[in-house]
Amino acid sequence: MDVIDLTDELCPMYFCCLEDWAEEMQEAGDHKDRWYEQFRDRGLRVKLARADDGTIGGMIQYLPIEHAFAEGSGLYMVLCIWVHGYKQGVGNHQKRGMGRAMLAAAEADAVERGAKGMAAWGLGLPIWMKASWFRRRGYRVADREGLRVLLWKPFSDDAEPPRWIRGGPPVPVGDGPVRVTAFLNGWCPAQNIAFERMRRAAAEFGDDVVFERIDTAEKAAMREWGQSDALFIDGRSVRTGPPPSYDRLRRRVARAVRKARRAGRLG
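Model, not experiment: these values are computed from the prediction. (Residues numbered from 1 in each chain as written. Predicted model: local features only at pLDDT ≥ 70, side-chain atom pairs only at ≥ 80, totals over all residues. Heavy atoms only, no water.)

Let's talk about unusual backbone geometry
If a residue is not glycine, its phi is most likely negative; likewise, a peptide bond is most likely trans.
Item 1. The omega torsion across glycine 241 and proline 242 is -10°, close enough to zero to call that bond cis.
Item 2. Mapping proline 242 onto the fold places it in the loop between β13 (236-238) and α7 (246-262).
Item 3. In this structure, aspartate 234 is a non-glycine residue whose phi angle is positive, near 50°.
Item 4. Checked against the element boundaries, aspartate 234 lands in the loop between β12 (230-233) and β13. (Helix = DSSP H or I, 4+ residues; strand = E, 2+ residues; numbered from the N terminus.)

What about the pairing of strand β7 (residues 140-145)?
Working note: regular strand, side chains alternate between the two faces of the sheet.
Item 1. Bridge count for β7 against strand β8 (residues 148-154) is 5 bridges, and the pairing is antiparallel. The residue bridging glutamate 145 from the neighbouring strand is arginine 148, located in β8.
Item 2. Counted between consecutive antiparallel strands, the loop separating β7 from β8 contains 2 residues, among which glycine 146 sits at a positive phi close to 65°. (Pairing = 2+ DSSP bridges.)

A few points about the environment of leucine 63
Item 1. Assignment of secondary structure puts leucine 63 in strand β3 (residues 56-64).
Item 2. Of the residues examined, leucine 63 reaches a relative accessible area of 2% and is grouped as buried.
Item 3. Leucine 63 sits 50 residues away from methionine 13 along the chain, and the two C-alpha atoms are 19 Å apart.
Item 4. The contact partners of leucine 63, leaving out residues within four places of it in the chain, are Trp35, Phe39, Gly43, Leu44, Ala68, Leu75, Tyr76, Met77 and Leu79. (Buried < 20%, exposed > 50% of the residue type's maximum accessible area, 1.4 Å probe, protein only. Contact = heavy atoms within 4.5 Å.)

Comments concerning the side chain of aspartate 234
Item 1. Residue aspartate 234 is classed as buried on the basis of its relative accessible area of 16%.
Item 2. The residues contacting aspartate 234, other than those within four sequence positions of it, are Val173, Gly174, Pro177, Val178, Arg179 and Arg265.

Points about the sheet that holds strand β10 (residues 178-184)
Item 1. With mixed pairing, the 4 strands of this open sheet are ordered in space as β11-β10-β12-β13. The open sheet is flanked by β11 (209-215) and β13, the only strands paired with a single partner. Taking the axes of each pair of neighbouring strands and ignoring which way they run, one obtains an average angle of 25° across the sheet. (Axes fitted to C-alpha atoms, helices over the stretch in contact; angles between N-to-C directions.)

Quick word on the environment of tyrosine 36
Item 1. Mapped onto the secondary structure, tyrosine 36 falls in helix α2 (residues 31-39).
Item 2. Take tyrosine 36: its relative accessible area is 8%, and that puts it in the buried class.
Item 3. Tyrosine 36 sits 109 residues away from glutamate 145 along the chain, and the two C-alpha atoms are 27 Å apart.
Item 4. With sequence-adjacent residues up to four places away left out, tyrosine 36 is seen in contact with Leu6, Cys11, Tyr14, Phe15 and Leu44.

A closer look at a nonpolar patch on the surface
Item 1. Taken together, Leu125, Ile127, Trp128 and Leu147 make up a surface patch of nonpolar side chains, about 370 Å² in accessible area.
Item 2. Inspection of the secondary structure puts leucine 147 in the loop between β7 and β8. (Patch = residues over 30% accessible without salt bridge, like charges linked within 9 Å, V, L, I, M, F, W, Y side chains within 5 Å. Areas by Shrake-Rupley, 256 points an atom, 1.4 Å probe, with all protein chains shown as cover. Salt bridge = Lys/Arg side-chain N within 4 Å of Asp/Glu carboxyl O.)

A short note on the packing of aromatic side chains
The description of an aromatic ring pair rests on the distance of the ring centres and on the angle between the ring planes.
Item 1. Scanning all chains against the criterion turns up 16 aromatic pairs.
Item 2. On the basis of an interplanar angle of 65° and a centroid distance of 5.8 Å, the ring pair of tyrosine 62 and tyrosine 76 is categorised as edge-to-face. Taken together, the residues tyrosine 62 in strand β3 and tyrosine 76 in strand β5 (residues 75-83) connect sequence positions 14 residues apart.
Item 3. Judged by its relative accessible area of 9%, tyrosine 76 falls in the buried class.
Item 4. For the pair phenylalanine 134 and tyrosine 139, a centre-to-centre distance of 5.5 Å together with 70° between the ring planes defines the contact as edge-to-face. (Phe/Tyr/Trp six-rings, centres within 6.5 Å; stacked < 30°, edge-to-face > 60°.)

Keep in mind these numbers describe shape, not what the thing actually does.
Laid out in structure tokens, this is it:
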């Protein structure tokens, strides 16, 4: 197994997180493709783990924290690290050291590029992007927000810990049609799927629902709203991970429409 840099030839696999077999990835649209083009010249780095048979079994993407969904300076931040674990497609490559190898390669690359440290985020649950996995690799907890844990590993004595972006105004609530607000960054296909499903669901209700997209690819927008990827219906947060089904989102919108009609907000 070795770790290689992303090439143009392998971009299609990267855009779908190595899951070209998964039908739901077709629902993600081209948001990640466009996000990649936007940040590839701003320090975005992608490495892939290649098995001995040439199969690509893992990926890691990281970029300067100045462009990521956390505050900090002089650090790189891991957006995600993923080793394919399904039988379909390229098969299960987990438990073979690919994750450790990719993280070590990314850290060495960040050091070579002058970074003062590496940041990463994890979850306090034993699922994808486990905070405990990073802690076993020398990362310290820098900040917490609910189940989200922000971690970091300093490379120099003058490195400063990162922190979560917080604040932002309340998400607007309309006094007429139901208001669906969708924050979209673009880097994560799972979040892109949730966005596209919500967009389709909202469109089914015509003038009874207003769908508003807020692009958070740029840091200024993240700071303004205190959000990166998120969905709201009349100001109420909707869970986005794992991506809720289209039917589930449609039911949520339908309930909001019925409530708005009972309140006399709709004609």
